[in-house]
Structures are given as structure tokens and as C-alpha cells.
Amino acid sequence: MKRAAALLAMVLGATVGREAQAGDPPAASTAAPPPAPAPTQQEQQQPSPKRPVPDYSGRGPEPTTAGDVALWVPRVVLSPLYLVSEYVIRWPLSVGIPAAERSDLPRKVYDFFTFGPEHKAGFAPVGMFDFDFNPSVGIYVFWNDAGFKGDDWHVHVEAWPTDWVAGSLTDHIQIDDRQAVQFRVEGIRRPDRVFYGIGPDTRQSYQSRYGEDRFDGGARYEWRFWRDSRIETGLGLRASSTYDGHFGNDPSLSKEAATGAFALPPGFGGGYTAEYNRASVVLDTRRPWPQSGTGFRAELQGEQGSDVRNSPSSGWIRYGASAGAYLDLNQRGRVLGLSVMTLFADPLGDRPVPFTELASLGGDGPMRGYFARRMVDRSAAAAALHYVWPIGPWLGGTIEAGVGNAFDEHLQGFRTGRLRFSGDIGLSTLGLTDFPMELIFGMGSETFEQGATIDSFRFTLSVNHGF
């Protein structure tokens with residue numbers, strides 16, 4: 001037994017000796033080493049320093065290019081817009097929207113304005129404030145799948161007591177994913193339309209007012225055949241009568257014409273009842289929002305009207321074309337676009353085209369810095385540069401700069417010196433075609449030959465305004 005123990009000790013000693021010779025440190029003690037000190041709270045919170053990115057190519061940092069320097073010009077010019085967008089609009093939204101979601105406010109508001117188990121019916125307040133015009137307040141009522149699936153009814157009423165009233169009833173029937181039919185009846189009476197004369201050289205100081213009673217009823221068929229491309233056809237009956245209007249201290253149209261500022265426009269003081277037929281073809285390579293906004297859009301449109309009240313010697317045809325190219329700069333809704341358009345109006349009989357049916361620019365068109373129908377004549381042309389960027393959910397910023405004007409038949413008398421400048425910036429909803437909201441600050445100038453003086457200003461706030 002003792003000899004076995006001695007032999008075992010010799011074997012273990014030889015093994016330990018070989019391990020020591022191999023370079024392993026001998027165990028001085030069987031006790032465990034003392035634990036490493038735990039890192040302090042400050043060391044735990046501090047991130048480890050980042051390793052600098054190796055210069056694998058060996059070419060050093062990229063040099064500053066002329067394009068990098070040139071980018072500072074628009075950055076400085078547009079910095080006030082960025083500050084307003086980022087800190088006046090986006091930051092309050094980033095705080096308010098999460099707070100509203102935590103309190104379940106969106107659902108409560110949605111449930112208040114909609115009815116039924118599937119919320120297929122409801123209402124919403126609407127209205128518009130347009131500087132230098134009578135405001136309006138109203139209500140929008142909808143009932144989806146009213147008679148059958150795909151049959152959607154909409155009622156829209158706006159008014160300003162004792163001044164103007166407007167209303168519409170629309171029945172939109174979705175046949176399938178690509179086809180739809182719409183029936184619409186609309187009427188409006190308002191006394192504060194603006195008129196400055198006909199032609200490219202009208203002055204802002206000629207501003208006068210006329211009233212209009214207008215009724216329009218018709219049907220429209222739409223076929224969407226590729227992406228956002230579509231073909232539309234329609235027919236209807238439109239009746240209009242015009243008279244002297246009023247707003248503030250502005251003179252009526254006939255009083256301003258008596259001063260020699262302009263001639264009485266064709267059709268003023270009377271009216272017409274027109275049967276019309278229209279068609280339009282839109283080729284749009286872009287996909288519906290919110291997909292990429294890069295693409296090309298072209299449109300051809302035409303409308304033929306016959307004045308049944310004064311037939312057979314009265315009628316007209318209106319036609320035009322537009323084209324635009326758009327680039328989504330980062331595939332996140334920052335879209336830069338350039339568009340051009342032309343409009344024409346020609347008589348089809350002995351009578352001239354009523355001035356309310358002539359080609360016009362301003363309002364919702366490519367020259368949004370002007371009031372609607374600021375420029376009126378037999379033809380019109382405009383070009384505009386647009387930029388749209390996202391600000392919050394369903395909300396985007398818009399900025400636009402354009403040039404254009406109205407001219408005699410077939411752009412007769414066109415020259416660059418007779419163009420006007422229009423610029424605007426605003427907010428608008430994105431993708432909400434059924435209930436759009438818009439805020440616009442705009443301005444417009446006299447013609448370049450007249451000095452291009454900025455003398456037209458526009459401020460508009462609208463909620464689903466359609467008149």
C-alpha cells in the first residue's frame with residue numbers, strides 16, 4: 001500500500017513537471033483568485049470609444065466638390081422654411097401625436113364623427129378662409145355602401161350667412177378595381193368673384209367684383225388602366241348667370257369697367273345654359289401614394305359646350321395639355337417636380353366664349369400665388385417647379401414657384417416679358433383625397449415688362465373645400 005502511494009506521487013509529480021515545462025504557470029495555491037472589481041455605474045453608462053473607419057482604399061477623405069458648395073445656397077435660402085417645418089410643425093406633432101395615442105384620442109374622435117358597426121357613415125365640419133373673400137363654414141356627410149357594396153353617397157354644404165351658399169350631392173359607384181361611375185349635382189351662389197380684365201397686361205389695381213349663380217349636373221365614367229393612369233369621359237348640363245358683385249370697398253365689375261380699366265367681358269350681365277361633353281386621358285407612370293413619387297405624368301383634356309339657350313350660333317371648345325416629371329429624392333416622399341401646361345378656348349359659333357368659360361390661371365392651378373381666375377383670356381400657358389416633403393403622418397409641406405400668363409387665341413402675343421411670377425408655400429394632406437386639408441401662403445407679381453412688382457398676396461386655409 002505504501003509502495004502504491006509512492007508510485008502514484010511519482011506519476012503526479014512527473015505530470016506537473018511536464019506541464020510546467022510546457023509554459024503553464026504552476027498553481028501556487030488551490031484557493032480561487034480574487035474576483036475582478038465590478039465596473040462603476042459611470043463606467044457602465046459610458047459607451048466604448050468607436051474605432052476610426054480604416055482607409056482601405058488609401059485615397060484619403062473625399063475632396064469638397066463644387067456641387068457640395070453650391071448646395072449651401074438653397075440650404076441658406078430655405079433655412080427659414082426648414083426651421084418652421086422642423087420646430088413649429090414637426091416637433092409639436094412629435095409630442096402631441098404620441099400623447100393623443102396614449103389617451104386613445106384618435107379612436108374617440110373617429111367614433112364621434114362616424115356611425116354604424118363598420119363606420120360606413122359619418123359627418124365632418126368643413127370650411128374655408130381665403131383672404132379678401134367671404135369665408136365659409138359647412139358640413140360634409142358620407143354614407144358608403146349606401147344602396148349596395150361600392151355605392152358611396154356624399155353631401156357637401158357650405159355657406160356664409162347672407163352672402164353665399166353652395167352645395168353638392170355625389171353618388172360614386174365603384175364597378176370594380178379599375179372602373180367607376182359618378183353622378184353629381186352642384187349649385188353655388190356667391191357675390192365676391194374677382195375680375196381684373198381680359199388679357200396678359202391686366203393690373204392688380206383693376207380688382208372688381210361680380211356675382212355668379214351656377215348650376216352643374218352630370219355623369220362621369222373613369223377607367224384606370226395602369227398605375228395612376230386613367231381615361232375619363234363625361235357629359236352634363238351647366239347653367240350660369242353673372243351680375244355685379246360686392247366685397248369690402250372693391251367696386252363692382254360694371255363700375256370699374258366704366259372707368260376705362262377694361263371692357264365689359266363677353267357674357268357678363270346675362271347667362272347661358274350649356275350642354276357639355278368632356279374627355280381626358282392621363283398617362284402617369286407613378287404608383288399611388290405612399291409609394292415612390294418618381295415618374296412622369298402627361299394629360300390631354302377637352303370639353304365641348306353648346307349654349308342651348310342661344311343656339312345654334314353659340315358654343316365653344318376648351319382643350320389643353322400638361323406634362324410633368326417628378327423625382328423622389330430619397331424614396332421617402334421628398335419629391336421634386338417640374339411641370340408645364342397650356343389651355344385654349346375657341347368659339348364654335350358667331351358668339352364669343354363667355355368669360356367664365358375662358359382659359360384661366362390662379363387658384364388651385366399651377367399659379368397658386370394668385371386668386372382663382374386672376375388671369376383670363378382665350379389661351380394660357382404656365383410652368384412650375386414643385387417640391388413636396390413629409391412633415392408628419394398624412395401631412396406634407398409644399399413649395400412652388402412658377403411663371404405664366406393668359407394670352408389671346410392660340411398664345412398670340414406670347415413673349416417672356418409678359419409672363420408673371422407666382423410663388424407659394426403651404427401644408428397639405430397626403431393621400432387623403434376624400435377629405436383634403438390645405439394651408440397656402442402665396443404671392444404673385446405683375447408682368448416682367450411691368451417691373452415684376454409683387455402686388456398679389458394670398459392666404460388660404462381650407463378643409464375639404466370644393467367650390
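First, a word on what this report is: a plain description of the structure on this page. (Residues numbered from 1 in each chain as written. Predicted model: local features only at pLDDT ≥ 70, side-chain atom pairs only at ≥ 80, totals over all residues. Heavy atoms only, no water.)

To continue, consider the overall build of the protein. A tally of regular secondary structure across the protein gives seven helices and 19 strands. A buried classification covers 36% of the 467 residues belonging to the protein. Long-range pairs, those at least 24 residues apart, make up 58% of the contacts in the protein with a sequence separation of at least 6. For the protein, the exposed surface amounts to about 27,100 Å²; the carbon and sulfur share of it is 63%. (Helix = DSSP H or I, 4+ residues; strand = E, 2+ residues; numbered from the N terminus. Buried < 20%, exposed > 50% of the residue type's maximum accessible area, 1.4 Å probe, protein only. Contact = heavy atoms within 4.5 Å. Areas by Shrake-Rupley, 256 points an atom, 1.4 Å probe, with all protein chains shown as cover.)

Our focus in this paragraph is the environment of Val-308. Tracing the backbone through its elements, the reader meets Val-308 in the loop between β10 (295-307) and β11 (315-328). Put simply, Val-308 and Thr-273 are 35 residues apart on the chain and 5.8 Å apart in space, counted from C-alpha to C-alpha. Aside from chain neighbours lying at most four places away, what touches Val-308 is Thr-273 and Glu-275.

In the sheet, β11 pairs with strand β12 (residues 335-347) via 13 bridges, with the strands oriented antiparallel. The residue of β12 that forms the bridge with Gly-320 is Leu-343. In this sheet, strand β15 (residues 379-392) lies alongside β12 in antiparallel orientation, the contact comprising 10 bridges. If you follow Val-340 over to β15, its bridge partner there is Ala-383. (Pairing = 2+ DSSP bridges.)

This part covers the pairing of strand β2 (residues 121-130). With seven of 10 residues buried, β2 lies mostly within the body of the structure. Pairing between strand β1 (residues 114-115) and β2: two bridges, direction antiparallel. Bridge pairing in β2 links Thr-114 to Gly-122. Linking β1 back to β2 in an antiparallel pair, the connection comprises five residues, with Gly-116 at a positive phi of about 85°. As paired elements, β2 and strand β3 (residues 136-143) share eight bridges and run antiparallel to each other. Bridge assignment links Ala-121 to a residue of β3, and that residue is Trp-143. Counting the residues that bridge the hairpin from β2 to β3 gives five residues, and of these Asp-132 lies at a positive phi of roughly 75°. Relative to strand β19 (residues 454-463), β2 runs antiparallel, the two sharing four bridges. When the bridges of β19 are listed, Asp-130 appears paired with Thr-460.

We now examine the nonpolar core. Nonpolar side chains in soluble globular proteins tend to end up buried together. Membership of the largest hydrophobic core comes to 15 residues, with the highest contact counts inside it found for Phe-195, Tyr-210, Leu-253, Phe-262, Phe-355 and Leu-358. Secondary-structure elements contributing two or more residues to this core are α7 (253-258) and β9 (271-284). Leu-343, Tyr-370, Met-375 and Ala-380 belong to the second largest nonpolar core, which has 10 residues in total. (Core = buried A, V, L, I, M, F, W, Y, C linked by side-chain atoms within 4.5 Å.)

Within the secondary structure layout, Arg-378 lies in the loop between β14 (375-377) and β15. Owing to a relative accessible area of 17%, Arg-378 belongs among the buried residues under this scheme. Of note is the side chain of Arg-378, whose polar atom sits 2.9 Å from the side chain of Asp-346. Among residues more than four places away in sequence, those in contact with Arg-378 are Leu-343, Phe-344, Ala-345, Asp-346, Pro-347, Leu-358, Ala-359, Phe-407, Asp-408 and Glu-409. (Polar contact = N/O pair within 3.5 Å; in protein donor to acceptor, adjacent residues only side chain to side chain.)

Our next topic: the pattern of salt bridges. Throughout the structure, instances matching the rule amount to 37 salt bridges. For Arg-190, the salt bridge is made with Asp-192, and the minimal N-O distance between the two is 2.7 Å. Of the two residues, Arg-190 and Asp-192, neither departs from the other in class, the shared state being buried. Taking the shortest distance from any N to any O, the salt bridge between Arg-318 and Glu-357 comes out at 3.6 Å. Of this pair, Arg-318 sits in strand β11 while Glu-357 sits in the loop between β12 and β13 (359-361); the two residues are 39 residues apart in sequence, bridging distant segments of the chain. What makes Arg-318 partly exposed here is its relative accessible area of 26%. (Salt bridge = Lys/Arg side-chain N within 4 Å of Asp/Glu carboxyl O.)

What follows is about the environment of Leu-348. You can see Leu-348 is positioned in the loop between β12 and β13. The contact partners of Leu-348, leaving out residues within four places of it in the chain, are Gln-304, Gly-315, Trp-316 and Ile-317.

Moving on: the side chain of Glu-256. Here Glu-256 lies in helix α7. Buried and without a salt bridge, Glu-256 has Lys-255 as its closest oppositely charged side chain, separated by 10 Å. (Lys, Arg positive; Asp, Glu negative; His and termini not counted.)

Within the structure shown, the criterion is met by 17 aromatic pairs. Each ring, one from Phe-112 and one from Phe-113, has its centre 5.0 Å from the other, and the planes form 85°; the classification is edge-to-face. With centroids separated by 4.8 Å and ring planes inclined at 85°, the aromatic side chains of Phe-133 and Phe-371 adopt a geometry described as edge-to-face. One end of the pair, Phe-133, is in the loop between β2 and β3; the other, Phe-371, is in the loop between β13 and β14, with 238 residues separating them in the sequence. Taken together, the aromatic side chains of Phe-195, Tyr-210, Phe-262, Phe-268 and Phe-355 make up a single cluster linked through ring pairs. Note that Arg-190 overlies the ring of Trp-164, its terminal NZ or CZ placed 4.3 Å from the centroid. (Phe/Tyr/Trp six-rings, centres within 6.5 Å; stacked < 30°, edge-to-face > 60°. Lys NZ or Arg CZ within 6 Å of the ring centre and 35° of its normal.)

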